[in-house]
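# Fold and geometry: a report
Each chain, written out:
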Amino acid sequence: MEQNNDIHQFFIDVNRLTAATTQAPVKRPREFTCFSYDKYHNLRLDDSSLKWYYPPQAHELPANLSAGFDKFDKHDNSQDEHLDSLLTAIAHHEQQTGEAIDAKFVTWRGMMTKFMGSPYDEDGFEMNATLFQDCVFIEENWGFKAGREAEQQQQNGSWKGPVSQQQMQFWGYKFETLATIPRPWGETSREEIENRDGEVVNNKEQYCSVVRSEIGGKVLCLGGEVDAIWDCKPKTPGAKIDWVELKTSKVIQSGRDQFNFNRKLMKFWAQSFLLGVPRIIVGFRDRDGMLVNIEEYSTQKIDEQVRRESSSGKWTWRPWVCVNFASEVLDWIQQTIRADPQQTGVWRIRLQKKPKTIELFKVEEMGHGKILTEEFVNWRTRLAASNRSQEG
Ligand code: A3P
Ligand code: MG
Ligand code: MG
């Protein structure tokens, strides 16, 4: 069992991280491939689910974010999807270029967001990792996440608020439906734009960007959902893309609200920074789910803004703390996993809260668990063999 194995520990020293005067070098994320889930959540290796940003117009506000909750076409998230679609998209790209990507880490953007937020995290997390062809592949530990969600649901069972947690979750997707169109503005009819409120909200459909980025000299390949594009996708590979991240949040009416919002902005910032999303659009709603106004935030300037608004000094976060910590923890994970004589197996990565520590220990001695698909391993094994025979 897991406890029999050595547990490697990495202590998170927030004071030391905060005192740093430099930030680990980073390279702008560049999309090198993408994929979509269609409205049935079937994988498509194209950009067919891309959406364009087109906010609700002033005369449409306030808008009821609960409208259509009874018809919500909700994705069944009881299945662990591992890294499957990301690996399929990577292999597809590699089959076209004839070479393996140069990343030393492959994961969903959400996992990197968790690493970046660890110095400030209050919840804890669990992930699984495996080494394959000198690259560390990291997935969420689904069992842990599902357990936590079940716990929350139980607590919500006794929740006496006016609106259910499921409905509050719906508000985010409803906002996406009200703020996007399926084609560029010039190609979308006025009628279609005006009828968005009547559309069935569907969270099965997604566009995912797959980027190459560097943090502290380590090459990462990250996949993550992007909500919309501002204008159009440039044709030049690697060019900056004017992505938009959509969020909803409660209107700020008190110091407490401001504090909570600043905390959320750290997550919005990390999530957007990792995929190179320059703009975050926040739809502010009241406690009954009425969308009252919309604000734009620049990802690059968010931390300055938070510091200005937190003049009370109650709670602020520093971007370099997140970046430096992510870089250090990736170095440590890589070194620890590489040093394992077996060079195979599954590792658990866990954030412990007291004392705040990242723990790393082996949970399976051999293989890659379900982190890697058979197709991906076979593809890479064939590719490596063909490269060796060409060299020889
Ligand atoms: P908001 O966060 O805007 O309310 P994302 O912003 O990452 O694109 O996610 C879109 C919506 O999915 C969120 O809208 C929220 O409703 C839901 N969502 C995302 N992550 C979630 C999580 N960890 N738990 C519950 N709901 C989540
Ligand atoms: Mg999204
Ligand atoms: Mg969003």
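Attention here is on the structure that accompanies the text. Only a predicted model underlies this, so the values are computations on that prediction, with no experimental measurement involved. Residue indices begin from 1 for each chain and proceed along its sequence in written order. Written order determines the labels here, with chains lettered from A and ligands numbered from 1. Whole-chain, interface and lining totals are the exception, using all residues; otherwise, since this is a predicted model, local features are given only for residues with pLDDT of at least 70 and side-chain atom pairs are given and counted only at 80 or more.

## Some thoughts on unusual backbone geometry
Test applied: Elements are defined by DSSP. Helices are runs of H or I of four residues or more, strands are runs of E of two residues or more, and each kind is numbered from the N terminus.
Backbone torsion omega between Leu61 and Pro62 reads -5°, so that peptide bond is classified as cis. Examined against the element boundaries, Pro62 turns out to sit in the loop between strand 4 (52-53) and strand 5 (63-64). Along the chain, Lys354 connects to Pro355 via a cis peptide bond; the corresponding omega equals -10°. Relative to the elements of secondary structure, Pro355 occurs in the loop between strand 16 (346-352) and strand 17 (357-364). Its identity is not glycine, yet His82 carries a phi of approximately 45°, on the positive side. In this fold, His82 is placed in the loop between strand 5 and helix 2 (84-97).

## A word on the site of ligand 1
Threshold: In this text, near has one meaning. A residue is near a molecule or strand if its C-beta atom, placed using the backbone, is within 6 Å of it. Classes in brief: Ala, Val, Leu, Ile, Met, Phe, Trp, Tyr, Cys and Pro nonpolar; Asp, Glu, Lys and Arg charged; the others, Gly included, polar.
Around ligand 1 sit Gln169, Trp171, Gly172, Tyr173, Glu225, Asp227, Lys247 and Thr248, and that is every residue in its neighbourhood. Counting only elements with at least two residues in the shell around ligand 1, the list comes to helix 5 (165-179) and strand 13 (243-250). No other element matches the four residues that helix 5 contributes to the shell around ligand 1. Classifying every residue of the shell around ligand 1 gives two nonpolar, three polar and three charged.

## Observations concerning the sheet that holds strand 6 (residues 105-108)
To keep it simple, the criterion reads: We treat two strands as partners when DSSP finds at least two bridges between them. Whether two residues are in contact depends on their C-beta atoms, placed from the backbone: they are in contact if these lie within 7 Å. Only the stretch in contact is used when a helix axis is fitted, and all axes are lines through C-alpha atoms; the angle between N-to-C directions ranges over 0 to 180 degrees.
Taken in spatial order, the 10 strands of this open sheet run 1-17-16-7-8-6-11-10-2-3, and their pairing is mixed. Strand pairing shows two members of the sheet lacking a second neighbour, strand 1 (8-11) and strand 3 (43-44), which therefore form its edges. In terms of strand pairing, strand 6 meets strand 8 (residues 135-140) through three bridges, oriented parallel. Pairing of Val106 across the sheet is with Phe137, part of strand 8. In this fold helix 2 packs onto strand 2 (26-37), strand 3, strand 6, strand 10 (206-215) and strand 11 (218-225), with an angle of close to 100° to the strand it touches most, strand 2.

## Side note on the pairing of strand 13
Which entries qualify depends on this criterion: Here exposure depends only on C-beta density: within 10 Å of a residue's C-beta, 20 or more other C-beta atoms make it buried, 12 or fewer make it exposed, and intermediate numbers make it partly exposed, the C-beta atoms being placed from the backbone. A crossover counts as right-handed when, viewed with the strands pointing away from the observer, the path leading from the first strand over the helix to the second turns clockwise.
Among the eight residues of strand 13, six are classified as buried, and the element is accordingly described as predominantly covered. Sheet topology note: the strand 12 (residues 228-229)/strand 13 ladder contains two bridges and is antiparallel. Residue Ile229 lies in a different strand from strand 13, and its bridge partner there is Trp243. With seven bridges connecting them, strand 13 and strand 14 (residues 279-285) associate as parallel partners. When the sheet's bridge partners are listed, Glu245 is paired in strand 14 with Ile280. Each parallel crossover has a hand, and the one from strand 13 via helix 7 (residues 255-275) to strand 14 is right-handed.

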